[in-house]
Amino acid sequence: MTTTLRADAARNRDRVLATARALVAEGDLSLQLNDIARRAGVGVGTVYRHFPTRRALLEALAADAFATLLDQAQAASREDDPWAGLQRLMRSILLGQLTEPTLAEVLSTSPDEDATVPTTTRRGELAALAATVLERAVRAGQLRPGLTLDDLQHLVCGTAFAARIADAPDDRVELYLAVLLAGVRAPGQGSPPPA
């Protein structure tokens, strides 16, 4: 059941999100709720009412990027070629993490114990789609034996980290992605086409 916020409550929520987005854009992912309340010009109780934990705020900030990632994962699961599907999924996860730092943290950390049902549902949907893509690549003999979904997630997160700390991150992403894809491709499958 979705509850519609009063106009003033919606404005306050938007103000908190805008303030948090500005901090993330400055490179501050600490998202201290008390500091955000002060900067947004709202009471601390207002922030906690909308976002009871830092994680809840983080997930709200990442919501659009997460929705885009789910769309890409669905498309990847429908690719005719299982390898193309795996490439699309890994590319989407990597680029999503690089363009939206809050998504990177949402994907690389566990949700709060009291996480909301929609977040749990989205994470479950992404995991199911990713498992489908992975299983198709395994059945087609295109994925290096022994790799699990967790392995792929860790490798993509590590690649995103490597790209972020590179001297020219935008210039390195495609190279790093190509190296990652070559590394996870089953031996004897040849060189993967450019990502």
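Above this text is the structure in question.
Calculation criteria
Residues numbered from 1 in each chain as written. Predicted model: local features only at pLDDT ≥ 70, side-chain atom pairs only at ≥ 80, totals over all residues. Heavy atoms only, no water. Phe/Tyr/Trp six-rings, centres within 6.5 Å; stacked < 30°, edge-to-face > 60°. Lys NZ or Arg CZ within 6 Å of the ring centre and 35° of its normal. Helix = DSSP H or I, 4+ residues; strand = E, 2+ residues; numbered from the N terminus. Expected span 1.5 Å × (residues − 1). Buried < 20%, exposed > 50% of the residue type's maximum accessible area, 1.4 Å probe, protein only. Arc of directions from axis to C-beta. Contact = heavy atoms within 4.5 Å. Axes fitted to C-alpha atoms, helices over the stretch in contact; angles between N-to-C directions. Parallel < 35°, antiparallel > 145°, perpendicular 65-115°, else oblique. Left-handed = near helix turned anticlockwise from the far one by under 90°. Nonpolar A, V, L, I, M, F, W, Y, C, P; charged D, E, K, R; others polar. Salt bridge = Lys/Arg side-chain N within 4 Å of Asp/Glu carboxyl O. Core = buried A, V, L, I, M, F, W, Y, C linked by side-chain atoms within 4.5 Å.

> How would you sum up the packing of aromatic side chains? Please name residues and give values.
By the definition in use, this model includes zero aromatic pairs. The ring of Phe66 carries Arg122 above its face, with NZ or CZ at 5.5 Å from the centroid.

> Explain helix α1 (residues 7-25) to me, and be specific about the residues and the numbers.
Over its 19 residues, α1 extends 27 Å from the first C-alpha to the last, a length consistent with the 27 Å expected when each residue adds 1.5 Å. All buried positions along α1 are accounted for by Ala9, Val16, Leu17, Thr19, Ala20, Leu23 and Val24. Here the buried residues of α1 occupy an arc of 160 degrees about the axis, which is enough to place them on one side. Residues of α1 that are exposed and angled more than 90 degrees away from the buried face: Ala7, Arg11 and Ala25. Its buried side turned inward, α1 meets α2 (33-40), α3 (44-50), α4 (54-77) and α6 (101-108).

> How would you sum up the packing of α1 against α2? Please name residues and give values.
Viewed as axis vectors pointing N to C, α1 and α2 meet at an angle of 110 degrees, and their least axial separation amounts to 9 Å. Overall, the two elements α1 and α2 adopt an arrangement that is roughly perpendicular. For α1 against α2, the interelement crossing comes out right-handed. Contacts between α1 and α2 involve Arg15, Val16, Thr19, Ala20 and Leu23 from the former and Asp35, Ile36, Arg39 and Ala40 from the latter. Within the contact of α1 with α2, the residues separate by chemical class into five nonpolar, one polar and three charged.

> Describe the environment of Leu149, naming the residues involved and giving the relevant values.
Along the polypeptide, Leu149 turns up in helix α8 (residues 149-165). Of the residues examined, Leu149 reaches a relative accessible area of 29% and is grouped as partly exposed. Once you skip the residues sitting within four places of it in the chain, Leu149 turns out to touch Ala127, Ala130, Ala131 and Leu134.

> So what's going on with the pattern of salt bridges? Residues and values would help.
Summed over the entire model, instances satisfying the criterion amount to eight salt bridges. Two residues, Arg38 and Asp35, come together in a salt bridge whose shortest N-O distance is 2.4 Å. Here Arg38 and its partner Asp35 are both found in helix α2, three residues apart, which amounts to about one turn of the helix. Note that Glu135 and Arg139 form a salt bridge whose closest N and O atoms lie 3.8 Å from each other.

> Help me get a handle on the environment of Thr102, residues and values and all.
On the secondary structure map, Thr102 appears in helix α6. Judged by relative accessible area, which is 1%, Thr102 ranks as buried. In sequence terms Thr102 and Glu59 are 43 residues apart; their C-alpha atoms lie 7.4 Å from each other.

> Break down the nonpolar core for me, citing the residues and quoting the values.
With 50 residues, the main nonpolar core has Val16, Leu31, Leu57, Leu86, Met90 and Val184 as its most contacted residues. In terms of residue count, the dominant contributor to this core is α4 (11 residues). Beyond its immediate chain neighbours, meaning those up to four positions away, Leu57 contacts Val16, Leu17, Ala20, Leu31, Leu33, Ile36 and Phe51.

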